[in-house]
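Breakdown of the fold
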Amino acid sequence: MISVMSQVIEQFHRVADGFAARIEATPVDAWTTPSPCPGWTAREVVEHVVGGIAGVMASITGRTPEPVTAQTDLAATWRELEQAVTAALSDPETAGRTIQGPLGEMTLEQAVARLGTVELLVHTWDLARAVGGDERLDPDLVRSAFEALRPLDSMLRTPRAFGPKLEPPEGADEQTEFLCFLGRRV
């Protein structure tokens, strides 16, 4: 029987690996292209994700993260963060530490399970869309994230979260419905 913690780690790896693949596939000259996130370039989308995860890890470890600069190797930095999150989730005491997240107080494990997947999925798509990369997301992760988000609809519309949901086109697949729910124009 697989433990809940193992499921959270496995799910995190799947979505984190997809994000890493899009970072690694991004051509050097595409980092400054506009993303679906208003006012952000492709690089700024990745910097946002790296900064957010680094901030969460800093709140758990007490160590100040290295600042992301124009010279930061985003792929290497992301892989290091992925390893740090995995190590933290692998230690029950660390995984159970409480952090303050956008949806309130929760454990690190809950934050990764609830928000980490959504954040990484939508920004994987944002990056891919910005640079003309592979926009397909893992259908099982999309389904799981979408099911978890639907009951939180009103909370998601607060400032600095997600934009207004959009009406998906008729006959849209689940990924398109998920992205429209999060305010993305597909």
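This text follows the structure it describes.
Let me begin by describing the structure that accompanies this report. (Residues numbered from 1 in each chain as written. Predicted model: local features only at pLDDT ≥ 70, side-chain atom pairs only at ≥ 80, totals over all residues. Heavy atoms only, no water.)

At Leu115, helix H5 (residues 108-131) is bent by approximately 40 degrees, the largest bend along its length. In terms of residue burial, H5 counts as a mostly covered element, since 17 of its 24 residues are buried. The first or second residue beyond H5 is Gly132, which carries a positive phi of 75 degrees. (Bend = angle between axes of the 7 residues up to and from the residue. Helix = DSSP H or I, 4+ residues; strand = E, 2+ residues; numbered from the N terminus. Buried < 20%, exposed > 50% of the residue type's maximum accessible area, 1.4 Å probe, protein only.)

A word on the pattern of salt bridges. If you walk through the whole model with that rule in mind, you get 13 salt bridges. A salt bridge links Glu24 to Arg79; the shortest N-O distance between them is 3.4 Å. Of this pair, Glu24 sits in helix H1 (residues 4-25) while Arg79 sits in helix H3 (residues 74-90); the two residues are 55 residues apart in sequence, bridging distant segments of the chain. According to the relative accessible area criterion, Glu24 is partly exposed, its value standing at 49%. Accessibility expressed as a relative area gives 31% for Arg79, which makes it partly exposed. Residue Arg79 is joined to Glu82 by a salt bridge in which the shortest nitrogen-to-oxygen separation is 3.1 Å. Placement of the pair is Arg79 and Glu82 together in helix H3, with a separation of three residues, close to one helical turn. Taken together, the salt bridges that share partners define one network made up of Asp17, Glu24, Arg79 and Glu82. (Salt bridge = Lys/Arg side-chain N within 4 Å of Asp/Glu carboxyl O.)

Our next topic: the packing of aromatic side chains. For the structure on display, the rule yields three aromatic pairs. Considering the side-chain rings of Phe146 and Phe178, the 5.9 Å spacing of their centres and the 70 degrees angle between planes classify their relative orientation as edge-to-face. Linking Phe146 in helix H6 (residues 139-149) with Phe178 in helix H8 (residues 174-181), this pair joins segments that are 32 residues apart in sequence. With respect to burial, Phe146 and Phe178 carry one shared label: buried. Their ring planes at 55 degrees and their centres at 5.4 Å tell us that Phe146 and Phe181 sit as a pair that is tilted. Of the two residues, Phe146 sits in helix H6 while Phe181 sits in helix H8, which places them 35 residues apart along the sequence. (Phe/Tyr/Trp six-rings, centres within 6.5 Å; stacked < 30°, edge-to-face > 60°.)

Interpretation in functional terms is not warranted from these geometric data alone.
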